[in-house]
Amino acid sequence: MTESSTHTTEWPLWEVFYQPSDGKPFEHAGSVHAPDAEMALLNARDTYARRNEGIVIWVVPSDQITASSPEDRGPFFDPANDKAYRHPQFYSVPRAVKKRK
Amino acid sequence: MDTQKQLDDFQKRIDNGETIEPKDWMPERYRKQLVRMMSQHAHSEIVGMLPEGNWITRAPSLKRKMVLLAKVQDEAGHGLYLYSGTETLGVRRKDLIEDYIYGNAKYSSIFNYPTLTYADICVIGWLVDGAAIVNQTMLAKSSYGPYARANLRICKEESFHKKQGYEMLAKMASGTAEQKRMAQDAVNRWWWPTLMMFGPHDTDSPNSAELIKWGVKTKTNDELRQHFVDRTVMEAEAIGITLPDPDLTYNEETGHWEFGDIPWDEFWSVVKGDGPMNRERMKARRKAYEEGEWVRKAAKEYARKRELEKAS
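Since the structure is predicted, the reported quantities are computational estimates derived from the model, not experimental observations.

Let's shift gears to the overall build of chain B. A tally of helices and strands in chain B yields 13 helices and two strands. In terms of overall size, chain B behaves like a compact globule, its C-alpha atoms giving a radius of gyration of 21 Å where 312 residues would be expected to give roughly 20 Å. Each of the three principal axes of chain B carries a C-alpha extent, and together these read 70 × 55 × 35 Å. A buried classification covers 52% of the 312 residues belonging to chain B. Considering only intrachain contacts with a sequence separation of at least 6, the fraction spanning at least 24 residues in chain B is 78%.

Here's what the structure looks like:
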């Protein structure tokens, strides 16, 4: 009975996100194991929000998350590199207007 | 095999103070060392519930019982943050746990000592959690992102653990003669094992240099231990507790407290499994794991059935 791997049950993994307070964007907290979504929420609350760290929690099956790969960071985000005109600093305004602040 | 170019690039990232994330390239040895270190840390948090759990039913008041319950629950939480972090390195939690319950994985030796009186609970909070804070504050800046973030979360909660213990001990140390004796006796028993928590001296610590090179750690065992001693001496004095080391002296030049020889023979015998509580702790963990199996199974089956019902 004490042999290894007689106890093989492992619950699936869920990623946990929480909203720290009203109006704030959700943050990744970590992960939990749980048999279903409902239990995942309860486990996430007990693990990551014992001190009101969040007001809403999301749980997502970990295998449902698709992430960009760090090695491709260069080419993947490349399209953003040569569009300086997307930033306000690209534009000049009359001096008089600039001073007003 | 990791190529030299990959290793150099990796080292450059570390030296730049960059954070390594789960999907980034990392040397196989970095991954292995992290799995070992993080899972040991996780096992320690979990087994750490046992010496304190021992006193929940016999806490001296309802207030102390609530505090102890909350603290022990936090320890479970810390274990889970760390298991969650370790899993990002591509290992399964079940394998980590079984490697510890049936295999050779280690946990902190401090939890192989018994808690004989309630004063031990005070001292665990003050000294053991105090030492853990010193270590974890450093680890919160670790080069591996998930490990650093887990430690950051832990540190936020750990200061409550330390403060509640210190407050209780202060109260006990200013109580009746019997209470004072209990408080001092607990400190006498826990002081040296606590200093051993930082691990062997730097000269006997084969992993340290590599872990520091890779930014997993930023300070050596001896540096951390010294930092802990320096701040604990003052705290002991403030509540009328004597640290059981006649060699403890302040060095004006270095600004540090020098301390006596640590009983390393005892340390190695506890690490090898011959501490006062090693067998008991392993037995309790195995029992919890095996007796929990039907719950894991039943909950999984229940979830499967509900999924089927939804589908039909």
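After that view of the structure, there is still more to cover.
Residues and elements named next belong to chain B. Close contact between helix α4 (residues 62-87) and helix α5 (residues 93-101) brings their axes to 9 Å; oriented N to C, the two are set at 115°. Classified by chirality, the crossing of α5 by α4 is right-handed. For the pair α4 and α5, contact is made by L80, Y83, S84, T86 and E87 and by R93, L96, I97 and Y100, respectively. Looking at the contact of α4 with α5 residue by residue, the class counts come to five nonpolar, two polar and two charged.

With that settled, consider the side chain of B:N112. Residue and element names in this part refer to chain B. Mapping N112 onto the fold places it in the loop between α5 and α6 (118-139). Only 2.6 Å separates the side chain of N112 from the side chain of Y107, close enough to count as a polar contact. The residues contacting N112, other than those within four sequence positions of it, are Y107, V270, G275, P276, M277, N278 and R281.

This part takes up the confidence of the model for chain A. Residues with a pLDDT of 70 or more make up 90% of chain A, whose mean pLDDT is 89. Ignoring residues within four places in sequence, the model shows residues 1-5 of chain A, a span with pLDDT below 50, making nine contacts including any to other chains.

As a further point, take a nonpolar patch on the surface. There is a patch of nonpolar side chains on the surface, built from A:I55, A:V56 and A:W58 and spanning about 290 Å² of accessible area. Note that A:I55 resides in the loop between α1 (37-48) and β3 (56-61).

The next point concerns the packing of aromatic side chains. Residues and elements named next belong to chain B. If you walk through the whole model with that rule in mind, you get 18 aromatic pairs over all chains. When the centroid spacing of 4.9 Å and the interplanar angle of 70° are considered together, the rings of F10 and Y30 count as edge-to-face. On the criterion of sequence distance, the pair formed by F10 in helix α1 (residues 4-15) and Y30 in helix α2 (residues 28-47) is long-range, its members being 20 residues apart. For Y30, a relative accessible area of 1% translates into the label buried. Aromatic ring contacts, followed pair by pair, group F10, W25, Y30 and W214 into a single cluster. Positioned over the ring face of W55 is R58, at 4.2 Å from the centre of the ring.

Below, the discussion takes up the sheet that holds strand β1 (residues 13-19) of chain A. Residues and elements named next belong to chain A. In spatial order, the strands read β2-β1-β3; together these three strands make up an open sheet with antiparallel pairing. At either end of the open sheet lies a strand with only one pairing partner, and these are β2 (27-33) and β3. When the angles between neighbouring strand axes are averaged without regard to direction, this sheet yields 30°. The pairing of β1 with β3 spans six bridges and is antiparallel.

What counts, and where the lines are drawn
- Residues numbered from 1 in each chain as written.
- Chains lettered and ligands numbered in written order.
- Predicted model: local features only at pLDDT ≥ 70, side-chain atom pairs only at ≥ 80, totals over all residues.
- Heavy atoms only, no water.
- Helix = DSSP H or I, 4+ residues; strand = E, 2+ residues; numbered from the N terminus.
- Rg over C-alpha atoms; globule rule 2.2 N^0.38 Å.
- Buried < 20%, exposed > 50% of the residue type's maximum accessible area, 1.4 Å probe, protein only.
- Contact = heavy atoms within 4.5 Å.
- Axes fitted to C-alpha atoms, helices over the stretch in contact; angles between N-to-C directions.
- Left-handed = near helix turned anticlockwise from the far one by under 90°.
- Nonpolar A, V, L, I, M, F, W, Y, C, P; charged D, E, K, R; others polar.
- Polar contact = N/O pair within 3.5 Å; in protein donor to acceptor, adjacent residues only side chain to side chain.
- pLDDT = per-residue confidence, 0-100.
- Patch = residues over 30% accessible without salt bridge, like charges linked within 9 Å, V, L, I, M, F, W, Y side chains within 5 Å.
- Areas by Shrake-Rupley, 256 points an atom, 1.4 Å probe, with all protein chains shown as cover.
- Salt bridge = Lys/Arg side-chain N within 4 Å of Asp/Glu carboxyl O.
- Phe/Tyr/Trp six-rings, centres within 6.5 Å; stacked < 30°, edge-to-face > 60°.
- Lys NZ or Arg CZ within 6 Å of the ring centre and 35° of its normal.
- Pairing = 2+ DSSP bridges.

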